[in-house]
Structures are given as C-alpha cells and as structure tokens.
Amino acid sequence: MSLLSTACNLTRRTAARHGLSPKEKHRLSDIFTLVREFQTSAPACGQKPTFKTILNDPLVHIPPRISVSQADLFCDPTEKLQKLLQTPLFDENERPYRPLVDEMKLAQTVFTSERPRDIRRVESTIRIEKAPIYNLPEVAFLGRSNVGKSSMISCLFHKAPFVKVPVSSTPGFTKTLKFYQVKDYFTLVDMPGYGFNQPHYFRDCVENFLRHRQNLRLAFVMVDAAEGLVKRDLSILEYLEECQLPYCIMLNKIDLVKDSQRLEVVGQVRTIRDKFGSPNCYPQPFLISAKTGEGVAYIQAFIAHITGSFDLIESKKKTKG
C-alpha cells in the first residue's frame, strides 16, 4: 500500500473509530497534507519517507492558526519608523502605497474563506509545464531557506481555516512550487528557498518559472530583518532585473529586531534599490511579522491592489446591483 493510501485510510479509520472533534479532524488533515508534500517531492529529492518518520519528525509541523492583533493588523510598520525621524523616510516621487483602513478591511474579505475550498492549494509541482492553467494573476514569494515564506503565507490566510500551509523549521523544507488559489481573484505561489539545502533542480524549477510564467504579476523577495540583504539575495534581485519582472522586497521577522535595526535594514534596501535604479523594483520595502501579524492587512491590501481584485469586487457589486 502506498504512503498516500496509508495516510488516507488512517485518517478515515481514526476519525470514525474515536469520534474526533472538528479540531482533531483538521489535525489529521494536516498530517495528510504533509504526507502528500513528501510524496510529491520525494522522487526529485531522492528521499524515501515513511509515514512513521513524518509523524515522529519534531521539525515538521503545522503551526497553530495565528492570532493577529487588530492594533497591529491595520498599519504600515514603516509609519512607526517615520515617527523616529525628522526627515521623510521616502521621497515624494516614490509615492509609497497608503491604503485606507476600509480598503484593508475589504482586502481581508478576499483572504477570508466563505465556504470550503474557495481558497485552496490547487497544485504542487517542480515543473513549469505542470503548473495550473488559468487566467488568474499570480504573486510569487521568494527567499532564502527558512526565511519564513510559508509562515507568512499561512499568516495571510489566518481567516481561511480550510487552507493548510505546511511549515517546518528545517531549512529547505519547501521543495516544490505550491499554488494557492484565492477564489477567482489571484493565486499565491510559495517557492523553494535558495541557499542552504536548496533543491538541486532550483534553476530549472524556480528560475524558469520566474522567466517564462505568463501569469506572474509580481515577486516578493523576502529578507530576514535581523540579517538584511545578503549576497545570495542580491543574486536573485539581479536575476529578476534580467527577467524584467516587477518585484518588492519584504522584511520578515520584524518582531525580533528593534526599531533602530529596522531603520538600518530599510536604509540598506534603499541603497541597493537606488543602485539598480530600475522601475522593476517597487520603491517601498514592506515590513511584516508572520508571528505577530504586524503589517498583514497592509500586505493583503497591496496584493489585492496589484492583482486588480478591488476592481473585480466593484464589478461584481455593479453586476448584482
């Protein structure tokens, strides 16, 4: 019996035998998702996982649904930094994105499940030819191994309880392109990390996707706020410039650093941005904490904005009216 069949049968038998609560059933569903992830990546990685090793691996887990503070949710963390400075953090011609609270609340509805599977993972693959075929815009998330891409996507879906985003503290855990479709608005793509323990097929998988994927609207390059941009990050930025692909730099784990260090990293990002002098790089870095949820609604609003989701919502209202 295959690993996938074993997990599926265990889930059904255990739920029926023990009369599990909805929460416990979701946990079993999480385990099933992990098994499927290992099954998908195993042929390419040369791994031969067993169901027992997955269950007993302390580094592999599904994080609990993140509780996000409303006080931190509807804010741009860079505005807090501006209060520490006498000079503007951004020049007038940079026009940083400034959504209204009502716009952020509207964007929240886009990321909120209204029924099962209206927000879901539709594919997990290492080959661009196996990627989903649709007319939806896509937003990709890049970053070094263990920078927190999957955790951040899970945080964006904190009001979508049916979405399972596997997360691990093991660097390089994500081995495939994972496509999370958000209703009929757009798709988020979680990509394998680069650097330590990156898959040997990274170039064929990730770089081909970035260069040739027609639906790709924007790439977020996630950086650890405690470390700033490193050499490997700069190589990715240069590749995005070569592809002429619009991208934004996102600083994650800001809950772990002081305001002074946040300012230092933002300054580094601005210096590198000015070095490229390219219209492909969005002038404003985005600050976020996947742990506390700070800056989450701000990012949600920006994604809804650049994918045209606000226009689609307005169009739906007029159609119903």
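Residues numbered from 1 in each chain as written. Predicted model: local features only at pLDDT ≥ 70, side-chain atom pairs only at ≥ 80, totals over all residues. Heavy atoms only, no water.

Asks: Where do I start with the overall build of the protein in this structure?
Replies: Scanning the protein for helices and strands turns up 12 helices and nine strands. Taken over 321 residues, the protein has a buried fraction of 52%. For the protein, long-range pairs separated by at least 24 residues make up 77% of all intrachain contacts whose partners lie at least 6 apart in sequence. When the accessible surface of the protein is totalled, it reaches about 15700 Å², and 52% of it is carbon and sulfur. (Helix = DSSP H or I, 4+ residues; strand = E, 2+ residues; numbered from the N terminus. Buried < 20%, exposed > 50% of the residue type's maximum accessible area, 1.4 Å probe, protein only. Contact = heavy atoms within 4.5 Å. Areas by Shrake-Rupley, 256 points an atom, 1.4 Å probe, with all protein chains shown as cover.)

Asks: Explanation requested: the nonpolar core in the structure shown.
Replies: F141, F157, L188, F220 and I303 are the most contacted members of the largest nonpolar core, which has 43 residues in total. Element by element, the count of residues in this core is highest for helix α11 (residues 296-306), at nine residues. (Core = buried A, V, L, I, M, F, W, Y, C linked by side-chain atoms within 4.5 Å.)

Asks: I'm lost on helix α10 (residues 259-276) in this one. Help?
Replies: Counted at 1.5 Å a residue, the expected span for α10 with its 18 residues is 26 Å, and the 26 Å between its end C-alpha atoms agrees. Within the sequence span of α10, burial applies to R262, V265, V266, V269, R270, I272 and R273. Seen along its axis, α10 keeps its buried residues to an arc of 165 degrees; they face one direction. When the buried face of α10 is taken as reference, the exposed residues oriented beyond 90 degrees from it are S260, E264, T271, D274 and K275. Tucked inside the fold, the buried residues of α10 contact α5 (77-82), α9 (231-243), β8 (247-252) and β9 (286-287). G277 lies just past α10 and shows a positive phi near 55 degrees. (Expected span 1.5 Å × (residues − 1). Arc of directions from axis to C-beta.)

Asks: Would you mind showing me how to read the packing of aromatic side chains here?
Replies: Summed over all chains, the structure comprises 14 aromatic pairs. Centroid distance F286 to F302: 4.7 Å. Interplanar angle 45 degrees. Geometry classified as tilted. With F286 in strand β9 and F302 in helix α11, this residue pair connects regions lying 16 residues apart in the sequence. Judged by relative accessible area, F286 falls into the buried class, the value being 1%. A cation over an aromatic ring shows up here: K105 above the ring of F74, its NZ or CZ 5.9 Å from the ring centre. (Phe/Tyr/Trp six-rings, centres within 6.5 Å; stacked < 30°, edge-to-face > 60°. Lys NZ or Arg CZ within 6 Å of the ring centre and 35° of its normal.)

Asks: Would you mind going over the sheet that holds β9 with me for this structure?
Replies: Within the open sheet, the seven strands sit side by side as β2-β5-β6-β3-β7-β8-β9. Their pairing is mixed. Edge strands, defined here as strands with exactly one partner in the open sheet, are β2 (119-125) and β9. Judged from the five bridges that link them, strand β5 (residues 177-182) and strand β6 (residues 186-190) form a sheet pairing that is antiparallel. Each residue of the ladder has a partner; that of Q181, found in β6, is T187. (Pairing = 2+ DSSP bridges.)

Asks: Help me understand the environment of V265, please; the structure alone is not making it clear to me.
Replies: Within the secondary structure layout, V265 lies in helix α10. Among residues more than four places away in sequence, those in contact with V265 are A225, G228 and L251.

Asks: Any chance you could explain the packing of helix α6 (residues 101-110) against α11 here in plain terms?
Replies: At a minimum axis separation of 8 Å, α6 and α11 run at an interaxial angle of 75 degrees. In terms of axis orientation, α6 runs roughly perpendicular to α11. When α6 is examined against α11, the residues E103, M104, A107 and Q108 are found in contact with a partner set consisting of A297, Y298, Q300, A301 and A304. Grouping the amino acids of the contact of α6 with α11 by side-chain chemistry returns six nonpolar, two polar and one charged. (Axes fitted to C-alpha atoms, helices over the stretch in contact; angles between N-to-C directions. Parallel < 35°, antiparallel > 145°, perpendicular 65-115°, else oblique. Nonpolar A, V, L, I, M, F, W, Y, C, P; charged D, E, K, R; others polar.)

Any link to function would need more than the numbers given here.
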